[in-house]
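Given next are the chains, with one letter for each unit.
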Amino acid sequence: MAKSKETFNKKEKEKKRLRKKKEKVEKKEARKSNSNKGGDLDDMIAYVDDEGNITSTPPDPTVKKKKIELEDIEVSVSKQAPVDPEDLRRKGKVTFFNESKGYGFIKDLESQDSVFVHVKGLVDDVRENDQVTFETERTPKGLSAIDVKLAK
């Protein structure tokens, strides 16, 4: 007598697979029926009130609107006082300077930042622990000290 090719385990796995497939189809149908995709246009509209807040209620047409003159609108950088050239100069202390390679670092006394300095930016010869005054410029690698002079 020949054995059956289908075992109990195979039958159970097939039932489980069919049950999962059926549940998946049912969930898909439930999502479709409960979906409010493409709902009413009024649900999608938002309004902006006088203060710039977003609301769901339309503005009241009976309220008198504010009249704004074109000259009152200013879109620009705020006015600033002219910068005194003395304010651009910083004071610092040379923390490291390699004379053979021609670069070093200055520690800014006010902000405690470390600023790179190259021999091209020196006016006077400097060594480590010298007090100096300097200006900074923005480079692609960060701040760099220029016009470095010994402090008097």
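For clarity, every value in this text was computed on a predicted model and none was experimentally measured.

Draft legend 1. Up close: the nonpolar core. V94, F97, I106, V115, V117, L122, V126, V132, F134, A145 and V148 form the largest nonpolar core, which has eleven residues in total. For this core, the secondary-structure elements that each account for two or more residues are β3 (90-98), β5 (114-118), β6 (131-139) and β7 (142-150). Apart from the residues lying within four places of it in its own chain, the contact partners of A145 are I106, V115, F116, V117, G121, F134 and E135.

Draft legend 2. View of the environment of F105. Of note, F105 is situated in strand β4 (residues 103-108). The exposure class assigned to F105 is partly exposed, which follows from its relative accessible area of 30%. Note: C-alpha distance between F105 and V94 (eleven residues apart in sequence) is 6.0 Å.

Draft legend 3. Expanded view of a positive patch on the surface. Judged by side-chain charge, K11, K15, K16, R19 and K20 come together as a positively charged surface patch. Examined against the element boundaries, R19 turns out to sit in helix α1 (residues 8-34).

Draft legend 4. Looking closely at the pairing of β3. Pairing between β3 and β6: four bridges, direction antiparallel. Following the sheet pairing, K91 is matched in β6 by T133. Bridge count between β3 and β4: six bridges; the pairing is antiparallel. Paired with F96 across the bridge in β4 is F105.

Draft legend 5. Spatial organisation of the sheet that holds β4. Taken in spatial order, the five strands close into a barrel running β3-β4-β5-β7-β6, and their pairing is mixed. Adjacent strand axes in the sheet meet at a mean angle of 50°, parallel and antiparallel pairs treated alike.

Draft legend 6. Focus on the pairing of β4. Covered by surrounding structure in β4 are G104, I106 and D108 only, the residues Y103, F105 and K107 on the alternate face being uncovered. Here β3 hands over to β4 after four residues, with G102 in that stretch at a positive phi of 85°. In textbook terms, the turn of a hairpin is the stretch between consecutive antiparallel strands, and for β4 and β5 this stretch comprises five residues, one of which, Q112, has a positive phi near 60°.

Parameters at a glance
Residues numbered from 1 in each chain as written. Predicted model: local features only at pLDDT ≥ 70, side-chain atom pairs only at ≥ 80, totals over all residues. Heavy atoms only, no water. Core = buried A, V, L, I, M, F, W, Y, C linked by side-chain atoms within 4.5 Å. Buried < 20%, exposed > 50% of the residue type's maximum accessible area, 1.4 Å probe, protein only. Helix = DSSP H or I, 4+ residues; strand = E, 2+ residues; numbered from the N terminus. Contact = heavy atoms within 4.5 Å. Patch = residues over 30% accessible without salt bridge, like charges linked within 9 Å, V, L, I, M, F, W, Y side chains within 5 Å. Areas by Shrake-Rupley, 256 points an atom, 1.4 Å probe, with all protein chains shown as cover. Salt bridge = Lys/Arg side-chain N within 4 Å of Asp/Glu carboxyl O. Lys, Arg positive; Asp, Glu negative; His and termini not counted. Charge placed at Lys NZ, Arg CZ, Asp CG, Glu CD. Pairing = 2+ DSSP bridges. Axes fitted to C-alpha atoms, helices over the stretch in contact; angles between N-to-C directions.

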